[in-house]
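Single-letter residue listing:
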Amino acid sequence: MIRLTAFAWVPPFAEGLVRDLRIRWALEEAGETYEERLLRQGEQDSPEYRALQPFGQVPVYEEDGLTLFESGAILLHVAERSETLLPRDKAGRARAIQWVFAALNSIEPHVQNLALIDLFYRDEDWARQRRPGAAAFVEKRLDALAARLGHRAYLEDDRFTAGDLMMTTVLRILRHTELVTSRPTLQAYQLRCEERPAFQKALEDQLAPFSKNAPPAAAA
């Protein structure tokens, strides 16, 4: 049985963004069942958990003695068993993997940098000074992505792959801005991917524990 570690609760601004969503979605696309292990506040810093995930993050994936961390690595591991996520032909497979790395390396660091400025440091003087430049860089990357998509339904023409899964979860980080919604090509692409039943089920399963496990101050 596959076991996936996730958080029992996160603040509202992080709901639907935590990276275990990527793996839940991949498992749903692959038709795989799994059980979840939910970490309560502070448990990610325990020696037991740090032995599984040295940085105290989620997700952690466990199956038949194999333990993996890092959502990109786990996604590719799951995708190996699903033609929906990785095409069988070598060229199509290579292109899908290419887009997973593009999402993680060419887009996400700049998106995450902007999100940190907006959501964690917005009242700092340095953050107010840095934000215009950070936002401009994200816009350049989004414009390049939109140009590449063009009239394609997905990153590789009309076929959804693991690359689309990863890219969509990265674009979702910008939901507190209009950077995606102001670009019709990217907005339509993101919505197209999010309409997939596997995504809807994965999101529902991630969100389900949060209200139940919210601390009293957050639930009030």
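As the structure is a prediction and not an experimental result, all values here were calculated from the model.

1. Some remarks on the packing of aromatic side chains
- Tallied over the full model, the rule gives six aromatic pairs.
- With 5.8 Å between their ring centres and 35° between their planes, W25 and F160 make a pair best called tilted. In this pair, W25 is assigned in helix α1 (residues 20–30) and F160 in the loop between α5 (125–149) and α6 (162–171), connecting sequence segments 135 residues apart.
- Residues F55 and F69 carry aromatic rings whose centres are separated by 6.3 Å and whose planes lie at 75° to one another, so their mutual orientation is edge-to-face. Of the two residues, F55 is situated in the loop between α2 (47–52) and β3 (60–63) and F69 in strand β4 (residues 66–69); the sequence distance between them amounts to 14 residues.
- F69 gets classed as partly exposed once you look at its relative accessible area, which sits at 29%.

2. A closer look at the sheet that holds β4
- What the four strands build is an open sheet, ordered β2-β1-β3-β4; its pairing is mixed. Across the chains shown, the open sheet's two edge strands, defined by having one partner strand only, are β2 (34–39) and β4. Between one strand and the next, the sheet's axes are offset by a mean angle of 20°, whatever the strand orientation.
- Alignment of β3 against β4, held across four bridges, turns out to be antiparallel.

Definitions and cut-offs
- Residues numbered from 1 in each chain as written.
- Predicted model: local features only at pLDDT ≥ 70, side-chain atom pairs only at ≥ 80, totals over all residues.
- Heavy atoms only, no water.
- Phe/Tyr/Trp six-rings, centres within 6.5 Å; stacked < 30°, edge-to-face > 60°.
- Helix = DSSP H or I, 4+ residues; strand = E, 2+ residues; numbered from the N terminus.
- Buried < 20%, exposed > 50% of the residue type's maximum accessible area, 1.4 Å probe, protein only.
- Pairing = 2+ DSSP bridges.
- Axes fitted to C-alpha atoms, helices over the stretch in contact; angles between N-to-C directions.

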